[in-house]
Amino acid sequence: MNFPKAYADRVAKLRVPGGFVLVAAFLWLSAPSAKSLEIGLPVSILGLALRAWAAGHLEKNTTLADGGPYAYVRNPLYIGTLLTAAGLVIAAQRWELGVLFAVVFLLIYLPVVELEEQHLRKLFPEYDAYARRVPKLLPRLGGSSTRRFRWSIYKKNQEFQALLGFLCGAAVLIWKAFR
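We now turn to the structure provided with this report. Since this is a predicted model, take the numbers as computed values, not measurements.

Scoring rules and cut-offs
Residues numbered from 1 in each chain as written. Predicted model: local features only at pLDDT ≥ 70, side-chain atom pairs only at ≥ 80, totals over all residues. Heavy atoms only, no water. Helix = DSSP H or I, 4+ residues; strand = E, 2+ residues; numbered from the N terminus. Expected span 1.5 Å × (residues − 1). Buried < 20%, exposed > 50% of the residue type's maximum accessible area, 1.4 Å probe, protein only. Core = buried A, V, L, I, M, F, W, Y, C linked by side-chain atoms within 4.5 Å.

### Here we look at helix α4 (residues 76-92)
Each α-helix turn comprises 3.6 residues. Residues three or four places apart therefore point the same way. In this model, α4 (17 residues) spans 24 Å end to end at C-alpha, consistent with the 24 Å of a helix rising 1.5 Å per residue. Within α4, 12 of the 17 residues are buried, which leaves it mostly tucked inside the rest of the structure. For α4, the complete set of buried residues consists of Pro76, Leu77, Tyr78, Ile79, Gly80, Thr84, Ala85, Gly87, Leu88, Val89, Ala91 and Ala92. Just beyond α4, the residue with positive phi is Gln93, at close to 60°.

### With respect to the nonpolar core
In terms of nonpolar packing, the biggest core is built from 27 residues, with Leu41, Leu97 and Leu173 touching the most fellow members. Contributions of two or more residues to this core are made by α2 (15-29), α3 (34-55), α4, α5 (95-123) and α8 (160-178). Per-element tally for this core: the top contributor is α5, with nine residues. The next biggest cluster of nonpolar side chains, apart from the first, holds 11 residues, and it includes Leu58, Ala65, Ala131 and Val134.

Structure follows, in structure tokens:
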């Protein structure tokens, strides 16, 4: 998909406020059960693990991230976010939340991905070759990486905030399921 730059610039500003709307809808609509938690929370944990792996390889605006999960897909943080959200939707047992998350991903996150890729093309001359080799959103098999995960980069990227957010969401779901 190609979104007009003006649109992508506008919706990029909606990521944080949109997140608060999603959290409010999630808190209000979720109707979890023990079984839905058993299925959904592990999916979310896989998404968080992918995000963490990616965050430990991402030196923003310094080096082109092409190691770790970036050897398989150009946007592993967004794929991790999508998996985390999918797991929470499964755990919440509300199709309406799935539709809402999908709309936000399609209308806000995909244009932001395009903006970020435009920025990376300007910043790193080798980005075009990387983009030809590695798919945008669907991971390829057979990639390889020699770069190692670094906790210092993970911490610098403050990825622990995603974990804290997930733990709060999981706590709410568990409370709602067993109250």
